[in-house]
Amino acid sequence: MNRLMDISSSKDIFPEYRNTPIGLLLEYHNLDRKPKIYSQAQLLIGMCMDNRKHLHIPDNFAFIIRAGGANLRYSEFKVSYAIAVGDIQHIALIGHNNCGMVNLISRKEQFIKGLVNKAGWDKEAAEDHFMHFAPMFEIGNEIDFISSEANRLRLRYPKITVAPMMYSVDDNRLYLINEK
Ligand SMILES: [Zn+2]
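Residues numbered from 1 in each chain as written. Predicted model: local features only at pLDDT ≥ 70, side-chain atom pairs only at ≥ 80, totals over all residues. Heavy atoms only, no water.

Draft legend 1. Representation of the coordination of the zinc ion. Protein coordination of the zinc ion is provided by Cys48 (SG), His96 (NE2) and Cys99 (SG), with donor distances spanning 2.0 to 2.3 Å. We note that the donor set of the zinc ion lies within a single chain, spaced as C-x47-H-x2-C. Overall, His96 belongs to the buried group, its relative accessible area being 1%. Residue class for Cys99 comes out buried when judged on its relative accessible area of 6%. (Donors = N, O, S within 2.8 Å, 3.2 Å for Na, K, Ca; no water. Buried < 20%, exposed > 50% of the residue type's maximum accessible area, 1.4 Å probe, protein only.)

Below is the structure:
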């Protein structure tokens, strides 16, 4: 099964997302849609803090929460705020390949050494810090995580449309995750 849908024309956008801010996001980023002037955010984008990603979207188009792995579990108040006060009805959750939040344990020594040498922590505090937080921020597989995180958000906010997608750091394009 091909889990990622390449969006190279507006027909590739899943029908449930067409003519919604999710479809617009895909058209702006992948299809060079001409930007419109917005005075209000149309959707909330959740994406990783990774520096390799840049979205082509008009000014004022979206609220963006950036967190490691596009994991919004610890940003829920901000999600709620964007819905309740910011008035958005759509969330695009964007993971990416080669995410640093996958297999954190493989970078444990580097993490601890880095905090000691670069930030001035003592070794024990750095170890405790890693062991406490790594399990909370580990995402496992990127596509699986984004799919399950999208489902969690759908249960938490039943009236909101949540679209899981992936950003490729190889070609800088967005792909919809095929959930069927
Ligand atoms: Zn990442």
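Draft legend 2. Up close: the environment of Lys159. Here Lys159 is to be found in the loop between α5 (142-156) and β5 (161-167). The class of Lys159 is exposed, set by a relative accessible area of 75%. (Helix = DSSP H or I, 4+ residues; strand = E, 2+ residues; numbered from the N terminus.)

Draft legend 3. Spatial organisation of a nonpolar patch on the surface. A cluster of nonpolar side chains, namely Phe77, Tyr81 and Val85, defines an oily patch on the protein surface of about 380 Å² accessible area. Turning to its location among the elements, Phe77 is positioned in helix α2 (residues 76-84). Under the relative-accessibility criterion, Phe77 is labelled exposed at 68%. (Patch = residues over 30% accessible without salt bridge, like charges linked within 9 Å, V, L, I, M, F, W, Y side chains within 5 Å. Areas by Shrake-Rupley, 256 points an atom, 1.4 Å probe, with all protein chains shown as cover. Salt bridge = Lys/Arg side-chain N within 4 Å of Asp/Glu carboxyl O.)

Draft legend 4. Geometry of the pattern of salt bridges. Counting across every chain of the model gives nine salt bridges. Residues Lys123 and Glu127 are paired through a salt bridge, measuring 3.2 Å at the closest nitrogen-oxygen approach. With Lys123 and Glu127 both in helix α4 (residues 123-137) and four residues apart, the pair spans about one turn of that helix. By relative accessible area, Glu127 is classed as partly exposed at 29%. With a closest N to O distance of 2.9 Å, Glu179 and Arg154 form a salt bridge. Taken together, the positions of Glu179 in the segment after β6 (174-177) and Arg154 in helix α5 put the pair 25 residues apart, joining distant regions of the chain. With relative accessibility at 36%, the residue Glu179 sits in the partly exposed group.

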